[in-house]
Amino acid sequence: MDEDDVGWEVDSDDESSAIAELIGRQIKRWREAAGLRAVEFGERMGYGENLIHKVERGARIPRPEFLDRADQILNATGHLQSLKADAERARYPRRVRDLAKLEAQSVEVCAYNNSVIEGLLQTPEYASAVFGCRRPPFDQEELEQRLSARMARRAIIDGTSATPMFSFVQCESTLRRPLGGTMVLQAQLEHLLEVGKLRNVDLQVLPLDLEENAGLGGPFRLFKLKDGSTVAHNEVQLVSRVISSPKEVQTLDVRYGIIRAQALTPRESLAFIEKVRDET
């Protein structure tokens, strides 16, 4: 089997490398306790000796199925299987982990986007199309990693909890841009209609025919945290930045309020999305 079947490459500059090394040490300890050489363990796992060494020294984060099989072969009684949650978190890029952490600590998440459908609202097919537009392109492994990370973040909007509250404002242009093709866009619009009906979600559309538009500066997010503070996130060409400066956050908070006021109401917005879907 090739390396992609084992797991994901680790960036040595990323804090996840420490988690990968810890997992690797545990696998090595259980392998040695079982009296197996790396080559023998690899044969039983269906991988080459070199890949086993990579996992054990923390150069690759193993996939969940690797840990399941290793636990069985090494008689680890569930100890290696218990590392799957750590491996799953560590596989995502740092900026994705930071956003997920902010979302989990928030009582309200606000997001405006005039480029694409906001990440938390994307279907897998739409997200894949967005990542596929990147130039220079991602390699296949990074593409899959980013897609998996984005889909994992969506779980926070499950409709069963009143918190966090979500406020999304989408520029009309994002509803009409057929990334991935007509079928992908139609499915994405259907998903927006479903999410927009959740009790902890306000979804609004900022029409293109407005004579004033406070959102021309581009996408941004606000995270209103449980401790009463607010931080912002801005993502532009080659830059993903968390903003904690009170003055800058206040500016974006005021701007978001104006954008919401200029947008259609949530009820009007759902009707508008239905209309765009029917026209697509």
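The structure we're discussing is the one just above.
What counts as what
- Numbering of residues starts from 1 in each chain and follows the order in which that chain's sequence is written.
- In view of the model being predicted, local features appear only for residues whose pLDDT reaches at least 70, and side-chain atom pairs are presented and counted only at 80 or more, with totals across whole chains, interfaces and linings using the full set of residues.
- Side-chain numbers come from the whole structure's heavy atoms, not from hydrogens or water.
- A helix here means a DSSP run of H or I that spans at least four residues, while a strand means a run of E at least two residues long, and both kinds are numbered starting from the N terminus.
- Each helix should span, by expectation, one fewer than its residue count multiplied by 1.5 Å.
- The buried label applies to any residue whose accessible area, calculated with a 1.4 Å probe on protein chains only, is under 20% of its type's maximum; exposed applies above 50%, and partly exposed to all values in between.
- For this quantity, the arc is that covered by the directions from the helix axis to the C-beta atoms.
- Just to be clear on terms, a salt bridge is a Lys or Arg side-chain nitrogen sitting within 4 Å of an Asp or Glu carboxyl oxygen.
- The term nonpolar core refers to a set of buried residues drawn from Ala, Val, Leu, Ile, Met, Phe, Trp, Tyr and Cys, joined through side-chain atoms within 4.5 Å.
- Any two residues whose heavy atoms approach within 4.5 Å are treated as being in contact.
- Angles here are taken between N-to-C directions and fall from 0 to 180 degrees, while the axes themselves are lines fitted to C-alpha atoms, restricted in helices to the stretch in contact.
- By definition in this entry, angles of less than 35 degrees are roughly parallel, angles greater than 145 are roughly antiparallel, angles of 65 to 115 are roughly perpendicular, and the rest are oblique.
- Residues were grouped as follows: Ala, Val, Leu, Ile, Met, Phe, Trp, Tyr, Cys and Pro as nonpolar; Asp, Glu, Lys and Arg as charged; and all remaining residues, including Gly, as polar.
- Pairing between two strands requires that DSSP report at least two bridges joining them.

### Remarks on helix α1 (residues 16–33)
So, point 1. Helix length check: α1 (18 residues) gives 26 Å between terminal C-alpha atoms against 26 Å at 1.5 Å per residue, within 8%.
So, point 2. Three or more residues of α1 are buried, namely S16, S17, A20, I23, G24, I27, W30 and R31. The buried residues of α1 all sit within an arc of 155° when viewed along its axis, so they share a single face.
So, point 3. Phi turns positive one or two residues past the end of α1, at G35, with a value near 75°.

### Overview of the environment of V107
So, point 1. Mapped onto the fold, V107 is located in strand β3 (residues 106–113).
So, point 2. Taking the C-alpha atoms as reference points, V107 and R267, 160 residues apart in sequence, are found 23 Å from one another.

### Comments concerning the pattern of salt bridges
So, point 1. Tallying each qualifying case throughout the model produces 17 salt bridges.
So, point 2. Between R60 and E141 there is a salt bridge, with the nearest N and O atoms lying 3.7 Å from each other. Here E141 lies in helix α8 (residues 140–153) and R60 lies in strand β2 (residues 60–62), a separation of 81 residues in the sequence.
So, point 3. One salt bridge connects E172 with R176, and the closest N-O pair in it is separated by 2.8 Å.

### What to know about the environment of A18
So, point 1. Within the fold, A18 resides in helix α1.
So, point 2. Sequence separation between A18 and G58 is 40 residues, and the spatial gap between their C-alpha atoms is 7.8 Å.

### Quick notes on the nonpolar core
So, point 1. The biggest cluster of nonpolar side chains holds 33 residues, and the ones touching the most others in it are F168, L175, L192 and I273.
So, point 2. Elements with a contribution of two residues or more to this core: α6 (94–104), β3, α7 (124–132), β4 (165–171), α10 (182–195), β5 (201–206), β6 (220–225) and α12 (266–279).
So, point 3. If one sorts the elements of this core by residue count, α10 sits on top with 6 residues.
So, point 4. Every residue in contact with I273, bar those within four places of it in the chain, is listed here: L175, L189, L192, L193, L203 and V205.
So, point 5. Of all hydrophobic cores here, the second largest spans 23 residues; its members include A38, I52, L74 and L80.

### Remarks on the packing of helix α2 (residues 38–45) against helix α3 (residues 49–56)
So, point 1. Packing of α2 against α3 leaves a shortest axis separation of 8 Å and a crossing angle of 105°. When the axis of α2 is compared with that of α3, the two are roughly perpendicular. Contacts between α2 and α3 involve A38, V39, F41 and G42 on the former and, on the latter, E49, I52 and H53.
So, point 2. Within the contact of α2 with α3, the residues separate by chemical class into 4 nonpolar, 2 polar and 1 charged.

### Things to note about the pairing of β3
So, point 1. Burial of β3 is extensive: 6 of the 8 residues sit out of reach of the surface.
So, point 2. As judged from the 6 bridges shared by β3 and β6, these two strands associate in the antiparallel manner. Bridged to E108 within β6 is K224.
So, point 3. Of the pairings in the sheet, the one linking β3 to β4 comprises 6 bridges and is parallel in character. Across the sheet, the residue bridging to A111 is F168, located in β4.

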